[in-house]
Amino acid sequence: MALFDCRIDARSGHARALTYVTAHGDFQTPMFMPVGTHATVKGITPDRLKELGAQVVLANAYHLAMRPGAEVVADAGGVHAFMDYPGPMLTDSGGFQIFSLADTVKLTDDGVEFKSIYDGARVFWTPEENMRIQELIGADIAMQLDQCAPYPAERAFVERAVDLSAAWAKRCLAAHTRPDQTLFGIVQGGMHQDLRLESVRRLLEIESASVEAGGRRFGGFGIGGYSVGESHEVMFETLGSVARALPEDRPRYLMGVGNPTTLVRAVGEGVDMFDCVLPTRTARMGTAFSSTGRMNMRNAKFTRDFTPLDLTCGCYTCTHFTRAYLRHLIKQDEMLGGILLTIHNLHYLLDLMRRARAAVLAGVYDDFLQTWLDSPASKDY
RNA sequence: GUGGCUGUAGUUCAGUCGGCUAGAAUGCCAGAUUGUGGCUCUGGAGGUCGUGGGUUCAAGUCCCAUCAGCCACC
């Protein structure tokens, strides 16, 4: 298979199992991608990530451009060499920071002005500049610059986000040149079915025009603008039809979603890739995923609980340490507490997606989904 | 032994001229966390104001005694 080829290994209902080729190795879906915003997945070494079976790791173009600077990362030999992660990587464009750092941002049709959260420096990013930055950083997959609408939002606001994101998709695709990197377009449209489908239609139109002119196509598609405050049910009203409106032959990436049950359900709707800070952030704050639902390891009931975190889990944390010890570490703000829960939570989601893939390959995804929904692990959904 | 200082929430402390249901921080208990501005955020519980007496309409606050701790000097 050639670079950025995507093979469909199996289907089961709407669920898919893909193999995708990058310059830093293949990855297989369904897949969860740990988030390493500052070119580090907090609290965990790259060799441990590999041991856990992580495939793609995320970094963030906005944060790396601010610190240490995209040129520094480029001079280091690119983000893989900089952080010593040998596998595939993906950079988010900074589009999400337009949303999350909204009060430091000025939007125009031509681009976005960020006021640095680190030193107040103002930088103006056109889509072209954003592509230059992401090419310097050098991940295998770059995301287009986009605008993510909040929820709830006026329909007119969401329409504008769709317009702006489509305009920027076109400019990103035209500006993107690096041969060992591919670009994903991003679907917006909030919770409006028609706007979502319109957003998909425009991305495909932009791609067709590009290909006709001898230009590039998208390597895959991000589904952005979900998990911004809406309920799960509201998200699933539109998610499936949006995912399946996207081309079959390329990955569909639901951005920013990491709730275990949402992942399992979304795979059933035809989504292939996910990323989220949830497993790593909540780990540092003391929350663990488990086969019986979320556990707050600060709780007093674990003071003298000398059993493993999760008896059904085979990760390093669960095979070596007790709940009492983990609670002690978290309560004391010892860094090892966050590290051990991060290992566990990442293992939990990575393993969940491996089992999902196995179910797709076996052609029994519906059973897998139903078994999941019937299990206590889904109860905190 | 004498003199002084200090006793208020688990802890460290604030508490005006005596005046509503005695506050803060931290700790404790619980909840949140979704393309990472997070040792973060949101709730909650917790006090016979060392003890006894007195003055006063009213005392954490003023007076007396007493106990404890600390300091200094014999």
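Residues numbered from 1 in each chain as written. Chains lettered and ligands numbered in written order. Predicted model: local features only at pLDDT ≥ 70, side-chain atom pairs only at ≥ 80, totals over all residues.

Peer 1: Can you lay out unusual backbone geometry for me, pointing to particular residues and giving the numbers?
Peer 2: The step from Thr29 to Pro30 runs through a cis peptide bond, and the omega angle for that step is -5 degrees. With an omega of 5 degrees, the peptide bond running from Arg67 to Pro68 counts as cis. Phi is positive for Ala39, close to 60 degrees, though the residue is something other than glycine. Even without being a glycine, Asp333 presents a positive backbone phi close to 60 degrees. Along the chain, the position of Asp333 falls in the loop between helix H13 (323-331) and helix H14 (335-361). (Helix = DSSP H or I, 4+ residues; strand = E, 2+ residues; numbered from the N terminus.)

Peer 1: Got a sec to walk through the protein's contact with RNA strand B? Specific residues and values, please.
Peer 2: Around RNA strand B there are 45 residues in total, and Asp92, Cys148, Ser227, Gly256 and Val277 lie nearest to it. Among the secondary structure elements, those contributing two or more residues to the surface near RNA strand B are strand S5 (57-60), helix H5 (95-100), strand S14 (273-276) and helix H11 (278-285). Across the surface near RNA strand B, the residue classes break down as 16 nonpolar, 19 polar and 10 charged. (Near = placed C-beta within 6 Å. Nonpolar A, V, L, I, M, F, W, Y, C, P; charged D, E, K, R; others polar.)

Peer 1: Summarise the nonpolar core; cite the residues concerned and give the values.
Peer 2: Counting residues in each nonpolar core, the largest one holds 114 residues, and the members touching the most others are Met33, Val57, Ile137, Ile223, Leu254 and Leu263. Here this core takes 12 residues from H14, the largest share from any one element. Each of two domains, domain 1 (6-264) and domain 2 (284-378), supplies a minimum of three residues to this core. Val57 has contacts with Met33, Pro34, Gly36, Val41, Leu49, Tyr85, Gly87 and Met89, leaving out every residue within four places of it along the chain. (Core = buried A, V, L, I, M, F, W, Y, C linked by C-beta atoms within 7 Å. Buried ≥ 20, exposed ≤ 12 C-beta atoms within 10 Å, placed from the backbone. Domains from an automatic or database assignment. Contact = placed C-beta atoms within 7 Å.)

Peer 1: Tell me what's going on with the packing of helix H7 (residues 155-175) against helix H8 (residues 193-212), and back it up with residues and numbers.
Peer 2: How two helices sit against one another is set out by the angle between their axes and by the gap between those axes. Put simply, H7 and H8 touch, their axes get as near as 10 Å, and they point 20 degrees apart. With respect to their mutual orientation, H7 and H8 come out roughly parallel. Crossing of H7 against H8: the hand is right-handed. Contact residues: H7 offers Val158, Glu159, Val162, Ser165, Ala166, Ala169, Lys170, Leu173 and Ala174, while H8 offers Leu195, Glu198, Ser199, Arg202, Leu203, Ile206 and Ser210. The class makeup of the residues in the contact of H7 with H8 is 9 nonpolar, 3 polar and 4 charged. (Axes fitted to C-alpha atoms, helices over the stretch in contact; angles between N-to-C directions. Parallel < 35°, antiparallel > 145°, perpendicular 65-115°, else oblique. Left-handed = near helix turned anticlockwise from the far one by under 90°.)

Peer 1: Lay out the sheet that holds strand S1 (residues 6-12) in plain terms, naming residues and giving numbers.
Peer 2: Read across the open sheet, the 3 strands follow the order S1-S2-S3; overall the sheet is antiparallel. The sheet is open, and its two edges are formed by S1 and strand S3 (25-28), each paired on a single side. When strand polarity is set aside, the average angle formed by the axes of neighbouring strands in this sheet is 10 degrees. Taken together, the 6 bridges between S1 and strand S2 (residues 15-22) define a ladder with antiparallel strand orientation. Bridging from a neighbouring strand, Ala10 pairs with Ala17 of S2. (Pairing = 2+ DSSP bridges.)

Peer 1: Explain the packing of helix H6 (residues 127-137) against H7 residue by residue, including any values.
Peer 2: Running from amino to carboxyl end, H6 crosses H7 at an angle of 45 degrees, the nearest separation of the two axes being 8 Å. Between H6 and H7, the interaxial angle falls into the category oblique. Our pair here, H6 against H7, has a crossing hand that is right-handed. Contacts between H6 and H7 involve Pro127, Glu128, Asn130 and Met131 from the former and Trp168, Arg171, Cys172 and Ala175 from the latter. Residues that form the contact of H6 with H7 fall into these classes: 5 nonpolar, 1 polar and 2 charged.

Peer 1: How would you explain the pairing of strand S7 (residues 105-108) if you had to name every residue and give the values?
Peer 2: Direction of pairing for S7 relative to strand S8 (residues 111-115): antiparallel, over a ladder of 4 bridges. From the neighbouring strand, Leu107 faces S8, where its bridge partner is Val112. Here S7 hands over to S8 after 2 residues, the two strands then running antiparallel side by side.

Peer 1: Please set out the domain arrangement of chain A residue by residue, giving values where relevant.
Peer 2: Frequently, the measure chosen for interface size is the accessible area that the parts lose on association. For chain A, the assigned domains read domain 1 (6-264) and domain 2 (284-378). Just the C-alpha atoms count here: the centres of domain 1 and domain 2 sit 27 Å apart. Between domain 1 and domain 2, the contact holds 25 residues from the first and 26 residues from the second. At the level of elements, S1, S2, strand S4 (31-34), helix H1 (46-52) and helix H10 (260-268) are the ones that each hand at least two residues to the side of domain 1 that touches domain 2.

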